[in-house]
Amino acid sequence: MADQILQINHLSKFFGNNEVLRDIDFSVCVGDVISIIGASGSGKSTLLRCINLLETPTSGEILYHGRNVLERGTNPAEYRSHVGMVFQSFNLFNNMTVLENCVVGQVRVLKRGKEEARKHAMEYLERVGMAPYIHAKPRQISGGQKQRVAIARAMAMDPEVLLFDEPTSALDPEMVGEVLNVMQALAESGMTMLVVTHEMAFARDVSNQVVYMSDGVICEQGKPEEIFGNPRKQETIDFLSRFRG
Amino acid sequence: MGKLAQLGLDIAKLWSKYSSSYINGMRNTLILALIGTLIGCLIGFICGVLNTIPYSKNDHPIKRFVLKLIRVIIRIYVEVFRGTPMVLQAVFLFYGLPYFTDNALRFSSVWAAAIVVVSINTGAYMAESVRGGIISVDPGQTEGAMAIGMTHVQTMTSVILPQALRNIMPQIGNNFIINVKDTSVMFIIGFPDFFATHRAAVGASYLYFPSATVEMIGYLTMTLLASFLLRWMEKKMDGSSSYELAQTDQLTMTAGTYRHPDKGSPFDERNREYADEDLREQTGKEDR
Ligand SMILES: Nc1ncnc2c1ncn2[C@@H]1O[C@H](COP(=O)(O)OP(=O)(O)O)[C@@H](O)[C@H]1O
Ligand SMILES: [Mg+2]
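No experiment lies behind these values; they were computed from the predicted model shown.

## Quick notes on the packing of helix α4 (residues 110–135) of chain B against helix α6 (residues 152–182) of chain B
Angle between the axes and distance between the axes: these two values describe a pair of packed helices.
All names here are of chain B.
Alright, step 1. Two numbers describe how α4 lies on α6: the axes approach to 9 Å, and their chain directions differ by 135°. Considering the angle they form, α4 stands oblique to α6. The chirality of how α4 crosses α6 is right-handed. On the side of α4, the interface is formed by Val118, Thr122, Tyr125, Met126, Ser129, Val130, Gly133 and Ile134, while α6 contributes Met156, Ile160, Leu161, Ala164, Asn167, Ile168, Gln171, Ile172, Asn175 and Asn179.
Alright, step 2. Taken together, the residues that form the contact of α4 with α6 break down as eleven nonpolar, seven polar and no charged.

Shown next, in the form of structure tokens:
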């Protein structure tokens, strides 16, 4: 398929003797918004970190436009500049202002000019509603605002895919909405996204595919209507019932 | 009372005769301490960075070997220079080097020798501080940098080292103050520092305690000044505790992007359809 960005084949990951991911298969196409749901400890973060090469998978393949990035000869930094990541704990650079956070990667990694990078950063900071705060340092803004800046920082690199690892889990409840709204706007603009989340409403209404993970394997995968409306596996039913209360 | 008055008189006498020597000595002491601390910090940063280059089992054996070797060499350097008195290091470098190499290697000026000794000594202390400073930066900062495609070097120079530098500013200040005082041992190689002035003045005038008093006051003035300057620099590095909201007209606005530029963003107040049902009830906010 021409519009396929990533294909994961038989991916597995051990930490010591602990098998955290087993035989993971799935693919990401342009415009996909894939939600990954599952209990804590089921390996969701590890999967995202493997895709971004922050962890080295034990075996399997990660094909990026058909080329296996786990082979020698891949430049991990170069690859990561196309596959952005937004973390639960924001990880904004504490020594820089909001604007500098969104500029530094463009200048140093993509070798853009300062002025061009600034303009580009401002575009995304406006889209996430953080333009007024460009002079603030990360410690001076709220969690929700930090996460919106982190999204702008990732987007300013013009990635092909953006990975989100529980982007709202570290936020006070009243800030969850603002970040989810930004993410929904991004999804609607056609951004390809892979989102680990516990926000079932987001998974159901925004994504076009839902992956349910349990104990390091993909237990069930399908359209949100299927997973939420008509789950086939008992584990999925049990997991989802915990969210319905 | 009489003794104090006598002391005052003697100091006045010394000062009128040797003031330019004292001031010159202070100048030399400050220059040596400053240059030694700066070069020492540079050495410390280089060692600290080399010491923290990550390697894993998957790396090439040669790379792993080289990195381990570097760590061992730095370890030895730190232990040797931290574990021996600076005065002996100066003696070995200034007198020992020409002796053991039959004058093939020698320092032509005491300045060069003194700067090398103080720098290497400070570097040994700073290497550990910098390593600690780097380790104490939140690992999330590295991950954030790696996730946007930065290399190890880019991550270090843009993100980690600036934060490590801020973390270790107090130690750099400490080292500078220690250097101001401890460069007094450089009289052993004939370096004309502030303490050397004392020895010269006493030799000529026999006013031992008056001169020692001048020295005490002089050193204390220099170190207090240094403390003050360092505090000021730390404040400066921290930046202002508040920030200015960027004005709407300074920004190239996309039409209709937001309504309350100084209250935040459209997302702050827009509907919260993905927030928890019961949360919406708690906060009493309704969808627009
Ligand atoms: N660096 C690590 N070293 C060892 N075990 C780890 C490491 N990271 C995660 N794990 C283990 O892997 C499993 C999956 O973790 P994780 O991917 O964080 O799950 P999730 O994100 O779904 O909560 C857990 O059992 C966790 O303890
Ligand atoms: Mg996780």
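## A few points about the nonpolar core
Alright, step 1. The biggest cluster of nonpolar side chains holds 44 residues, and the ones touching the most others in it are Leu125, Ile151, Phe164, Met183 and Met193 of chain A.
Alright, step 2. When contributions to this core are tallied by element, the ones reaching two or more residues are α3 (98–108), α4 (114–127), α5 (143–155), β7 (161–165), α6 (173–188) and β8 (192–196) of chain A.
Alright, step 3. The residues touching methionine 183 of chain A, leaving out its near neighbours within four places in the chain, are Ile151, Phe164, Pro167, Met193, Val195 and Phe202 of chain A.
Alright, step 4. Core analysis: the next-biggest nonpolar cluster, separate from the first, contains 30 residues, Ile5, Ile8 and Ile36 of chain A together with Ala147 of chain B among them.

## A closer look at unusual backbone geometry
Of all residues except glycine, most have a negative phi; of all peptide bonds, most are trans.
Alright, step 1. Residue glutamate 166 of chain A is not a glycine yet carries a positive backbone phi of 40°.
Alright, step 2. Residue position: glutamate 166 of chain A is located in the loop between β7 and α6.
Alright, step 3. Although it is not a glycine, tyrosine 206 of chain B sits at a positive phi angle of roughly 60°.
Alright, step 4. Mapped onto the fold, tyrosine 206 of chain B is located in the loop between α7 (194–205) and α8 (208–238).

## Some thoughts on α4 of chain A
Residue and element names in this part refer to chain A.
Alright, step 1. Its 14 residues give α4 an end-to-end C-alpha distance of 20 Å, which sits within 8% of 20 Å, the value for a rise of 1.5 Å per residue.
Alright, step 2. On its buried face, α4 sits against α3 and α5.
Alright, step 3. Following α4 by one or two positions, glycine 129 has its phi on the positive side, about 75°.

## A short note on the site of ligand 1
Residue and element names in this part refer to chain A.
Alright, step 1. With respect to spatial proximity, the complete set of residues near ligand 1 consists of Phe15, Val20, Ala39, Ser40, Gly41, Ser42, Gly43, Lys44, Ser45 and Thr46.
Alright, step 2. A distance of 2.9 Å separates an oxygen atom of ligand 1 from a polar side-chain atom of lysine 44.
Alright, step 3. With respect to ligand 1, the side chain of threonine 46 contributes an N or O atom lying 2.5 Å from an oxygen atom.
Alright, step 4. Within the complex, 58% of the 570 Å² of free accessible area of ligand 1 lies under protein.
Alright, step 5. Broken down by element, the residue count for the shell around ligand 1 peaks at three residues, all from helix α1 (residues 44–51).
Alright, step 6. Tallied by class, residues from the shell around ligand 1 come to three nonpolar, six polar and one charged.

## Some remarks on the pattern of salt bridges
Alright, step 1. Under the counting rule described, the total for this entry stands at 14 salt bridges over all chains.
Alright, step 2. In this structure, arginine 49 of chain A and glutamate 55 of chain A form a salt bridge, with 3.3 Å as the shortest nitrogen-oxygen distance. Glutamate 55 of chain A shares its class with arginine 49 of chain A; the two are buried.
Alright, step 3. When the shortest N-O distance is used, the salt bridge between arginine 112 of chain A and aspartate 158 of chain A registers 2.5 Å. Taken together, the residues span a long stretch of sequence, with arginine 112 of chain A in the loop between α3 and α4 and aspartate 158 of chain A in the loop between α5 and β7 at a distance of 46 residues.
Alright, step 4. A relative accessible area of 17% places arginine 112 of chain A in the buried class.
Alright, step 5. The structure contains a network of salt bridges with shared partners spanning Arg75, Glu79, Arg82, Glu128 and Arg131 of chain B.

## Some thoughts on the pairing of strand β1 (residues 4–15) of chain A
Residue and element names in this part refer to chain A.
Alright, step 1. Looking at chain direction, β1 and strand β2 (residues 18–29) are connected through eight bridges and run antiparallel. The partner of isoleucine 8 across the bridge, within β2, is phenylalanine 26.
Alright, step 2. Bridge count between β1 and strand β4 (residues 59–64): five bridges; the pairing is antiparallel. The residue of β4 that forms the bridge with asparagine 9 is glutamate 61.

## Re the pairing of strand β6 (residues 83–86) of chain A
Residues and elements named next belong to chain A.
Alright, step 1. Burial along β6 is two-sided: Val83 and Met85 facing one way and Gly84 and Val86 facing the other are all buried.
Alright, step 2. As defined by bridge partners, β6 adjoins β7 across four bridges and the pair is classed as parallel. By the bridge assignment for β7, valine 86 is matched with phenylalanine 164.

## Structural notes on the interface of chain A and chain B
Alright, step 1. Each side of the interface is counted separately: chain A has 53 residues, and chain B has 45 residues.
Alright, step 2. When the buried surface of chain A facing chain B is broken down by residue, Arg108, Glu126 and Pro132 of chain A rank first, second and third, together holding 16% of it.
Alright, step 3. Applying the counting rule to chain A against chain B returns one salt bridge.
Alright, step 4. Across the salt bridge formed by arginine 49 of chain A and glutamate 143 of chain B, the nearest N and O atoms sit 2.7 Å from each other.
Alright, step 5. Counting every contact that joins chain A to chain B gives ten residue pairs in polar contact (both at pLDDT 80 or more).
Alright, step 6. Within the residue set of the side of chain A that touches chain B, elements represented by two or more residues are α2 (76–80), β6, α3, α4, α5, α6 and α7 (200–205) of chain A.
Alright, step 7. Examining the composition of the side of chain A that touches chain B, we find that seven residues originate from one element, α6 of chain A, more than from any other.
Alright, step 8. Within the side of chain A that touches chain B, the residues separate by chemical class into 25 nonpolar, 13 polar and 15 charged.

Rules used throughout
Position numbers for residues start from 1 in each chain and track the written sequence from start to end. For this description, chains carry letters from A and ligands carry numbers from 1, given in the order in which they are written. With pLDDT at 70 or above as the cut-off, local features in this predicted model cover only qualifying residues; side-chain atom pairs require 80 or more to be listed or tallied, and sums for whole chains, interfaces and linings still use all residues. Side-chain metrics rest on all non-hydrogen atoms present in the structure, leaving aside hydrogens and water. In this description, a line fitted to the C-alpha atoms serves as the axis of each element, helices being fitted only across the stretch in contact, and the angle between N-to-C directions of two axes falls anywhere from 0 to 180 degrees. The way it works is that DSSP assigns letters per residue, a run of H or I at least four long becomes a helix, a run of E at least two long becomes a strand, and they are numbered from the N terminus. An angle below 35 degrees is read as roughly parallel, one above 145 as roughly antiparallel, one from 65 to 115 as roughly perpendicular, and any other as oblique. Should the near helix be turned counterclockwise from the far one by less than a right angle, the crossing is left-handed, whereas a clockwise turn marks it as right-handed. Any two residues whose heavy atoms approach within 4.5 Å are treated as being in contact. Classes in brief: Ala, Val, Leu, Ile, Met, Phe, Trp, Tyr, Cys and Pro nonpolar; Asp, Glu, Lys and Arg charged; the others, Gly included, polar. Only buried residues count toward a nonpolar core. Its members are Ala, Val, Leu, Ile, Met, Phe, Trp, Tyr and Cys residues joined through side-chain atoms within 4.5 Å. The buried label applies to any residue whose accessible area, calculated with a 1.4 Å probe on protein chains only, is under 20% of its type's maximum; exposed applies above 50%, and partly exposed to all values in between. One less than the residue count of a helix, multiplied by 1.5 Å, gives the span that helix is expected to have. Note on definitions. A residue lies near a molecule or strand when any single heavy atom of the residue is within 4 Å of it. Polar contacts here mean pairs of N or O atoms no more than 3.5 Å apart (in protein, one a potential hydrogen donor and the other a potential acceptor; neighbouring residues in sequence count only if both atoms are side-chain atoms). Surface accessibility follows the Shrake-Rupley procedure with a 1.4 Å probe radius. Residue values consider only the protein chains on display as shielding. By definition, a salt bridge exists where a carboxyl oxygen of Asp or Glu is found within 4 Å of a side-chain nitrogen of Lys or Arg. Between any two strands, pairing holds if DSSP finds at least two bridges. The quantity reported as buried area is the accessible area (1.4 Å probe) lost by two parts once they are put together, taken as the sum for both.

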